[in-house]
Amino acid sequence: MQLSEQEQIRRNALQELNKLGINAYPPEEYKVNALAADISNNFHSDETLYQDVCIAGRIMSRRIMGAASFLELMDSSGRIQLYFKRDEICQGEDKTLYNIVFKRLLDIGDIIGVKGFVFITKMGEITVHVKEFTILTKSLRPLPIVKEKDGEIYDAFTDPDQRYRQRYVDLIVNEDVKDTFVKRARVIRTMRDFLNDKGYLEVETPILQSIPGGAAAKPFITHHNALNIPLYLRVANELYLKRLIVGGYDGVYEFAKDFRNEGMSRFHNPEFTQMEIYVAYKDYFWMMEMTENMIEKIATELHGTTKVQVGDNIIDFKTPFRRLSILDAIKEHTGFDVNDMNVAQLVEVCKKLEIETDSSMGVGKLIDEIFGEKCESSFIQPTFITDYPVEMSPLCKRHRDNPELTERFELMVNGKELANAYTELNDPIDQRARFEEQMELAAAGDDEAMLIDQDFLRAIEYGMPPTSGMGIGIDRLVMIMTNQSSIQEVLFFPQMRPEAVKKVTTSDDYIKLGISSEWAEYLILAGFPNIEVLKKTKPSAIEQKLNGFRKKNKLDIAPVQLEDINNWLAIIN
RNA sequence: GAUUCGUUAGCUCAGCUGGUAGAGCAUCUGCCUUUUAAGCAGAGGGUCCCGGGUUCGAGCCCCGGACGAAUCACCA
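Residues numbered from 1 in each chain as written. Chains lettered and ligands numbered in written order. Predicted model: local features only at pLDDT ≥ 70, side-chain atom pairs only at ≥ 80, totals over all residues. Heavy atoms only, no water.

Go over the sheet that holds strand β16 (residues 322-325) with me, naming the residues and quoting the values.
Judged by pairing direction, the sheet is mixed, and its 8 strands sit side by side in the order β8-β12-β13-β20-β19-β18-β17-β16 without closing on themselves. The open sheet has two edge strands with one neighbour each: β8 (201-202) and β16. Pairing of strand β17 (residues 383-386) with strand β18 (residues 408-413), which is carried by 4 bridges, proceeds in the antiparallel orientation. Of the residues in β18, the one forming a bridge with Ile-385 is Glu-410. Along the sheet face, helix α8 (residues 238-246) touches β12 (251-259), β13 (271-280), β19 (416-423) and β20 (467-473) and points at about 25° away from the line of β13. Across the sheet, helix α10 (residues 326-334) touches β16 and β17, and the angle it forms with β16 is around 90°. (Pairing = 2+ DSSP bridges. Helix = DSSP H or I, 4+ residues; strand = E, 2+ residues; numbered from the N terminus. Contact = heavy atoms within 4.5 Å. Axes fitted to C-alpha atoms, helices over the stretch in contact; angles between N-to-C directions.)

Talk me through the environment of Ile-367; I want residue IDs and the actual numbers.
Position of Ile-367 relative to the elements: it lies in helix α12 (residues 363-374). In this structure, the C-alpha to C-alpha distance between Ile-367 and Val-347, residues 20 residues apart in sequence, is 9.6 Å. Residues in contact with Ile-367, not counting those within four places in the same chain, are Ile-326, Leu-327, Ile-330, Val-338, Leu-346 and Pro-389.

An account of the environment of Glu-296 is needed here, citing residue identities and associated values.
The topology assignment puts Glu-296 in helix α9 (residues 284-303). Considering only alpha carbons, one finds Glu-296 and Phe-317, 21 residues apart in sequence, at a separation of 5.2 Å. Excluding anything up to four places from it in sequence, Glu-296 contacts Thr-306, Phe-317, Lys-318 and Thr-319.

A description of the layout of surface pockets should follow, citing residues and the corresponding values.
Of the voids in this model, the second largest pocket is the one considered here, and its volume is about 680 Å³. When residues of the lining of the second largest pocket are traced back to their parent elements, those giving at least two are β1 (53-65), β6 (147-149) and α7 (175-197). Residue composition of the lining of the second largest pocket, grouped by class: 9 nonpolar, 5 polar and 12 charged. (1 Å grid on protein atoms, 1.4 Å probe; cavity = no way out; pocket = protein on both sides within 12 Å on 5 of 7 lines; lining within 4 Å. Points joined across faces, edges and corners; volume = space filled by probe spheres on them. Nonpolar A, V, L, I, M, F, W, Y, C, P; charged D, E, K, R; others polar.)

Got a sec to walk through the packing of aromatic side chains? Specific residues and values, please.
The full count for this structure, using the stated rule, is 16 aromatic pairs. Here the aromatic rings of Phe-435 and Phe-456 are separated by 6.4 Å at their centres, their planes lie at 85°, and the arrangement is edge-to-face. Of this pair, Phe-435 sits in helix α13 (residues 428-443) while Phe-456 sits in helix α14 (residues 454-461), and the two are 21 residues apart along the sequence. In this structure Phe-435 comes out as buried when scored by relative accessible area, which is 1%. You can call Phe-456 buried: its relative accessible area is 0%. Taking the ring centre of Phe-102 as reference, the NZ or CZ of Arg-62 above it sits at 5.7 Å. A cation over a ring is seen here: Arg-243 above Tyr-240, with NZ or CZ 4.4 Å from the ring centre. (Phe/Tyr/Trp six-rings, centres within 6.5 Å; stacked < 30°, edge-to-face > 60°. Buried < 20%, exposed > 50% of the residue type's maximum accessible area, 1.4 Å probe, protein only. Lys NZ or Arg CZ within 6 Å of the ring centre and 35° of its normal.)

Quick rundown of the nonpolar core? Include the residues and the values.
The biggest cluster of nonpolar side chains holds 43 residues, and the ones touching the most others in it are Met-275 and Met-470. In this structure, Leu-17, Tyr-98, Leu-105 and Val-128 belong to the second largest nonpolar core, which totals 32 residues. (Core = buried A, V, L, I, M, F, W, Y, C linked by side-chain atoms within 4.5 Å.)

Which residues make up the pattern of salt bridges, and what are the values?
For side chains bearing opposite charge, pairing can occur when the charged atoms are close. Taken as a whole and judged by the stated rule, the model has 35 salt bridges. With a closest N to O distance of 2.6 Å, Glu-424 and Lys-242 form a salt bridge. In this pair, Glu-424 sits in the loop between β19 and α13 while Lys-242 sits in helix α8, placing the two residues 182 residues apart along the sequence. Judged by its relative accessible area of 1%, Glu-424 falls in the buried class. (Salt bridge = Lys/Arg side-chain N within 4 Å of Asp/Glu carboxyl O.)

Give a description of the side chain of Thr-205 that names residues and reports values.
Tracing the backbone through its elements, the reader meets Thr-205 in the loop between β8 and β9 (208-209). Polar contacts involving the side chain of Thr-205 include one to the side chain of Glu-254, which spans 2.6 Å. The contacts of Thr-205, once residues within four sequence positions are left out, are Arg-234, Asn-237, Tyr-240, Leu-241, Leu-244 and Glu-254. (Polar contact = N/O pair within 3.5 Å; in protein donor to acceptor, adjacent residues only side chain to side chain.)

Quick one: what's the story with the packing of α7 against helix α15 (residues 474-481), residue by residue and with numbers?
One can describe the packing of α7 onto α15 by two numbers: an axis separation of 10 Å at closest approach and a directional angle of 120°. Between α7 and α15 lies a crossing whose hand is right-handed. Note on element contacts: α15 touches α7 through Ile-474, Asp-475, Leu-477, Val-478 and Met-481, opposite Arg-184, Val-187, Ile-188 and Met-191. Here the residues of the contact of α7 with α15 are counted per class, giving 7 nonpolar, no polar and 2 charged. (Left-handed = near helix turned anticlockwise from the far one by under 90°.)

Encoded structure:
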């Protein structure tokens, strides 16, 4: 492994610590009695507090001024300044602990624990005056150095590739990132509390499914060896939650990781989280109310207000949200009344609106296409779009006033779908017929049409009470609530292409070829970056170049002989 | 999948029409006992993403590839 200069210096420091009898990775518990943020928050009001404090964290910056030093320590709650004074760290004559251990063997990034008392410096900063410190972990890689003054960030660590691949570094160095994920947890906790307060049961259902149902999407496929069958990672959990409603629970919900084998974008990650809920004896009107109440509560909980800044927009989650049927939405945004139109008429409308169509599209797909192309993005404020055509919604009950439509809503926020809900289809005869229509669509070339799940049909043939169900995209909700424009910012570890493994020739590779270890380490530096170059060069030229390098760098090794080089090349060839 | 942009020191980034690779921070060596993007003086650190090509000469030009970003396509 080729180490950078700074990495090598840190490894050397680790060895020095060991020589001094200091374990840089001690096993014992380190008892902490305060957090940085608590000290910063409370000390001003009562300066008698924290006079015997013990905290631990990572060194984020150091300012050494001879026999005194300031450094910044970061723990899970935030940062606080530490003050080290040589003659207090080292009470006796031996100043090793300060001069050597602290000043030379500690680095930015190391994790230490300190004991001391809190005071306020001349510059007015709350600071821990350290009387004793303990090395808890030596860091062997230099962190990116980010500085800040008057709210301005210098040398920010911003490269998305590195930030996502090395999220741990991102979290250390960019404090806003930590906050986003704390907010994500609060969104989920608020939602869970809201649902538990209503008495609904949190459940878990299979992620590995033999029939991927509940949504129109391409699944990931895997294989179970013992059963010798294909299994799919779920694209949704809808059909399992409904089975539980059949089983007699009044309300069930699940925070579910779902998996879709489709394109990636700043709105799509192959694995993502949805919360799905099903409640018996309710319809989609009831569900709209529940959904808007829940989201209003989340916004208030997180921001103290229903108004949330998202990009250039302020989105107001004050209930009630606007409600609009999809046909009215199309009328409003395109001027076309597509109610009762057949396929030919809809294709005509699409042509006028410059929307591409193909022959596999039915009435429902065409209407969805028009809405998606011309309307969806304009719904910035929360809006329930309702009453979608029946053929796009095979699991949804027909509309009570119009059998061509369904009792379905999607919640649009900031021009994107956030939630999707139905009055669930519980008529087993109709459900079977709808699955069969899906099969026809599949035969016509729709590769996302749903498969028939016979066991699900069996379940609802026993009788599923009238039920309303809703699914809400947690990642997109968190994006909105934390004002992030990319899903990668709200997932700790977004999917990335595997990191390219750099094929680098190292001195070890040369040693393996029988080249003496003392020369192997200099070959790369002397202008032979890989074996191919070595092969192409004449033996005498190699000899001259290496011995020239030896002389120039005053190396304390014997000059290389032409005979040695011929031996190397013999092994290579 | 398409188009555009990017990839140079540990980090953030310069690098003109092709002529021996630069800055700030970080690192190292000194000095400095309340500093705070600490300061002052000095030093070291590079397979310019990879592979070909053109050229006397390529970080820069040409071709191919890897990875990332944005936009589009796909995507309930």
